[in-house]
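Listed below are the residues making up each chain.
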Amino acid sequence: MVEKREHWGSRFGFILAASGSAVGLGNIWKYPHMAGSNGGAAFTMIYLLCIAVVGLPILIGEFVIGRKTQLSPVGAFEKLAQKSWWKYVGFLGVASAFVILSFYSVVGGWTLRYTFLALTTGFESFAGNPDIASDAFNSFVSNAWNPIFWHLIFMGLCIWIIVNGVKGGIERWSKVMMPMILVLLVILMVRGITLPGGMEGVKFLFLPKFSDLTASSVVLALGHAFFTLSLGMGTMITYGSYLGKDQNLVTSGILILVIDTIIALMAGVVIFTTVFALGADPGEGPGLIFTILPTIFPQMPGGHLWGTLFFFLLFLAALTSAISILEVVTAYFIDQKGWSRSRATYVFGSIIGIVGVFCSLSLGGFTDFSTVFNISFFNFLDYASSKYMLPIGGMLTAIFVLYRWGIPKFLEEIREGQKGKGLPDIVVKVLFSIAIVVVFFIIANEIVEVFTGSPLIG
Ligand code: TRP
């Protein structure tokens, strides 16, 4: 009954698919506004340190677990640690995927609607008027039906790509979308830097202002390192499970990390050159993209085109990430329950789509019935997943490698496909230990803040 597992068609295809998962709203929306309000380059330096020290070991760890077992998270943990509770770490991953995709896809719908709006109106009526733009944004997201319509289209696209499989869906479309993302970013970057006053934005992003850096920026950078590399819920275990033994997982991991970082930095340049050239406020925060940029585009030459390209870029980045989240859920039902790919994808893609509808309604269309712990269902899912589920999943994965599976066996698997001897055991042990301690600290900090009202640090 066991069919041969589907594999990536090429190393290049795998790298693009995995970096497609990593590059998403985290890079283009979250990173720039976080750097904007936390000391520019000072924040970036801490963030780079975090991805190198905490992100890289866990990223490679996930690839190794996936490739060794050739299974998605639940099966992978079960195979490496039989008859133990470790498989629940896999279940936590599937649950996180479910939760994250329900709101990620709502935001994916927003990017589609803004692409459409840019294309058809060029944001003309928003020119230079943040109040109008933000009213328009708020009334859009809190409308009952409009955002749901776009969310369902977005979810439909995800389902369609995933139904087509690893090679014919994920890899094929990543090969189309990732180069498009890069080209669009380069075009938008050149346009931004050449705007009069645009270089001010580059300075803002790259000159460190240590005075703006607070302890809480450090915690923020750590959490983001996780999110941006798609860690902590088995996405990279799942993508690793479609790999053959000939791949060098260390160099692949480094390459994916570098691509992810460069794209975040480029997105920062695109946004801040634009913001500075037209004198808008760089510290605007999360609303920067949907409320400030649409007021700027119509004021610049060719703004109609630039606005459309920008939101299309955002949509592509969101889609390549969203499919990697859906694949975790689909792969679970294929590997563990023996379902066919299309059945698993249609059934669970639809259920996630429906949960997403409630998420969207909770922002205004239907608030009375959709508040959990006094915050909207949408914010609740976002909060639960990024503050708890992902860090806990990532920490447990690192603990698993270090204590349960063991570094010698882990390195044995890494060395397949690697030419040299690689790092000595002790260094790898130290790296994983640091990652565990650091992530534990982030979670503890958050819990202390919830219970006492003030965090340990920050
Ligand atoms: N990394 C993506 C981003 O930066 C989001 C993402 C995709 C993700 N898959 C994930 C985050 C898995 C956490 C876990 O937007």
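A. Main features of the overall build of the protein. Each helix and strand in the protein was counted, giving 17 helices and 2 strands. Along the three orthogonal principal directions, the C-alpha set of the protein runs to about 60 × 50 × 45 Å. Within the protein, the proportion of its 458 residues that are buried is 57%. Sequence separation of at least 24 residues holds for 81% of the intrachain contacts in the protein that already meet a minimum separation of 6. With the model as given, the accessible surface of the protein reaches about 17800 Å², and the carbon-plus-sulfur share is 68%. A distance of 12 Å separates the average location of the 27 positive side-chain charges in the protein from that of its 24 negative side-chain charges.

B. Focus on the pattern of salt bridges. The full count for this structure, using the stated rule, is 6 salt bridges. The salt bridge involving Glu 413 is made with Lys 245; its shortest N-O contact spans 2.8 Å. Taken as a pair, Glu 413 in helix H16 (residues 377-415) and Lys 245 in the loop between helix H11 (235-240) and helix H12 (249-277) lie far apart in primary sequence, 168 residues in all. Here Glu 413 falls in the buried class, since its relative accessible area comes to 3%. Overall, the relative accessible area of 36% leaves Lys 245 in the partly exposed class. Here the residues in one salt-bridge network are Arg 67, Lys 245 and Glu 413, joined through shared partners.

C. Up close: the nonpolar core. Within the largest apolar cluster, 154 residues are counted, with the highest numbers of intra-cluster contacts made by Phe 310 and Phe 410. When residues of this core are assigned to their parent elements, the largest contribution, 20 residues, is made by helix H14 (residues 303-335). Each residue touching Phe 310, except ones within four places of it in the same chain, is listed here: Ile 28, Leu 188, Val 270, Ile 271, Ile 289, Leu 293 and Phe 297.

D. Highlighting the site of the ligand. Lining the immediate surroundings of the ligand are 17 residues, of which Ala 22, Gly 26, Tyr 104, Phe 227 and Ser 230 lie closest. Ser 21 has a polar backbone atom sitting 3.2 Å from a nitrogen atom of the ligand. Phe 227 places a polar main-chain atom, nitrogen or oxygen, 2.9 Å from a nitrogen atom of the ligand. With the chains in place, 100% of the 360 Å² that the ligand exposes on its own is no longer accessible. Counting only elements with at least two residues in the shell around the ligand, the list comes to helix H1 (11-22), helix H2 (25-37), helix H10 (215-228) and H14.

E. The packing of aromatic side chains, seen in detail. Applying the stated criterion across every chain yields a total of 38 aromatic pairs. Pairing Phe 154 with Phe 315 gives two aromatic rings, centres 6.1 Å apart and planes at 75 degrees, and the pair type is edge-to-face. With a gap of 161 residues between them, Phe 154 in helix H7 (residues 146-163) and Phe 315 in helix H14 connect regions that are remote in the sequence. When sorted by exposure, Phe 154 lands in the same class as Phe 315, which is buried. Here a set of aromatic residues connected by ring pairs shows up, and it is made of Trp 110, Tyr 114, Phe 123, Phe 126, Phe 137, Phe 140, Phe 290, Phe 297, Phe 310 and Phe 311. For Lys 30, the ring lying beneath its charged end belongs to Phe 227, and the centroid distance is 4.1 Å. It is Arg 343 that lies over the ring of Trp 339; its NZ or CZ is 3.8 Å from the centre.

F. Highlighting the packing of helix H3 (residues 41-69) against H12. Close contact between H3 and H12 brings their axes to 9 Å; oriented N to C, the two are set at 140 degrees. The orientation of H3 relative to H12 falls into the category oblique. Read as a crossing pair, H3 and H12 show a hand that is right-handed. Residue-level inspection shows Thr 44, Tyr 47, Leu 48, Ile 51, Leu 56, Leu 59, Ile 60, Phe 63, Val 64 and Arg 67 of H3 in contact with H12, the latter providing Leu 249, Val 250, Gly 253, Ile 254, Ile 256, Leu 257, Asp 260, Thr 261, Ala 264 and Leu 265. Looking at the contact of H3 with H12 residue by residue, the class counts come to 15 nonpolar, 3 polar and 2 charged.

G. Seen up close, helix H9 (residues 198-206). Inspection of H9 places Gly 198, Gly 201, Val 202, Phe 204 and Leu 205 among the buried residues, and these make up the whole buried set. Looking down the long axis of H9, one finds its buried residues gathered within 160 degrees of arc, a one-sided arrangement. Buried residues in H9 make contact with H2, H3, helix H8 (166-193) and H12.

H. Expanded view of the state of the cysteines. Enumeration over the complete set of coordinates arrives at 0 disulfides. Lacking any disulfide linkage, Cys 359 is separated from the closest cysteine sulfur, that of Cys 158, by 14 Å.

I. Main features of H10. Counted at 1.5 Å a residue, the expected span for H10 with its 14 residues is 20 Å, and the 20 Å between its end C-alpha atoms agrees. Listed in full, the buried residues belonging to H10 are Ser 217, Val 219, Ala 221, Leu 222, His 224, Ala 225, Phe 226, Phe 227 and Thr 228. Looking one or two places after H10, you find Ser 230, whose phi comes out positive at around 60 degrees.

J. Up close: the environment of Leu 249. Position of Leu 249 relative to the elements: it lies in helix H12. Sequence separation of Leu 249 and Gly 198 is 51 residues, and the distance between their C-alpha atoms is 39 Å. Those residues in contact with Leu 249 that sit more than four places away from it in its chain are Ile 60, Phe 63, Val 64, Arg 67 and Leu 243.

K. Just the packing of helix H13 (residues 288-296) against H14, in detail. Interhelical geometry of H13 versus H14 gives an angle of 165 degrees and a closest axis separation of 11 Å. Comparing the axis directions of H13 and H14 gives the class roughly antiparallel. Seen along the crossing, H13 lies across H14 with a hand that is right-handed. Residues Ile 289, Phe 290, Leu 293 and Pro 294 of H13 form the contact with H14, whose participating residues are Phe 310, Phe 311 and Leu 314.

L. Quick peek at unusual backbone geometry. Phi at Gln 70 takes a positive value of approximately 55 degrees, unusual for a residue other than glycine. Here Gln 70 shows up in the loop between H3 and helix H4 (73-80). Judged by its relative accessible area of 22%, Gln 70 falls in the partly exposed class. In the Ramachandran plot, Phe 123 falls in the positive-phi region, its phi being about 55 degrees despite a non-glycine side chain. By the secondary structure assignment, Phe 123 is in the loop between helix H5 (87-121) and helix H6 (130-141).

What counts and what doesn't
Residues numbered from 1 in each chain as written. Predicted model: local features only at pLDDT ≥ 70, side-chain atom pairs only at ≥ 80, totals over all residues. Heavy atoms only, no water. Helix = DSSP H or I, 4+ residues; strand = E, 2+ residues; numbered from the N terminus. Buried < 20%, exposed > 50% of the residue type's maximum accessible area, 1.4 Å probe, protein only. Contact = heavy atoms within 4.5 Å. Areas by Shrake-Rupley, 256 points an atom, 1.4 Å probe, with all protein chains shown as cover. Lys, Arg positive; Asp, Glu negative; His and termini not counted. Charge placed at Lys NZ, Arg CZ, Asp CG, Glu CD. Salt bridge = Lys/Arg side-chain N within 4 Å of Asp/Glu carboxyl O. Core = buried A, V, L, I, M, F, W, Y, C linked by side-chain atoms within 4.5 Å. Near = heavy atom within 4 Å. Polar contact = N/O pair within 3.5 Å; in protein donor to acceptor, adjacent residues only side chain to side chain. Phe/Tyr/Trp six-rings, centres within 6.5 Å; stacked < 30°, edge-to-face > 60°. Lys NZ or Arg CZ within 6 Å of the ring centre and 35° of its normal. Axes fitted to C-alpha atoms, helices over the stretch in contact; angles between N-to-C directions. Parallel < 35°, antiparallel > 145°, perpendicular 65-115°, else oblique. Left-handed = near helix turned anticlockwise from the far one by under 90°. Nonpolar A, V, L, I, M, F, W, Y, C, P; charged D, E, K, R; others polar. Arc of directions from axis to C-beta. Disulfide = S-S within 2.5 Å. Expected span 1.5 Å × (residues − 1).

By themselves, these are just geometric observations and shouldn't be taken as functional.
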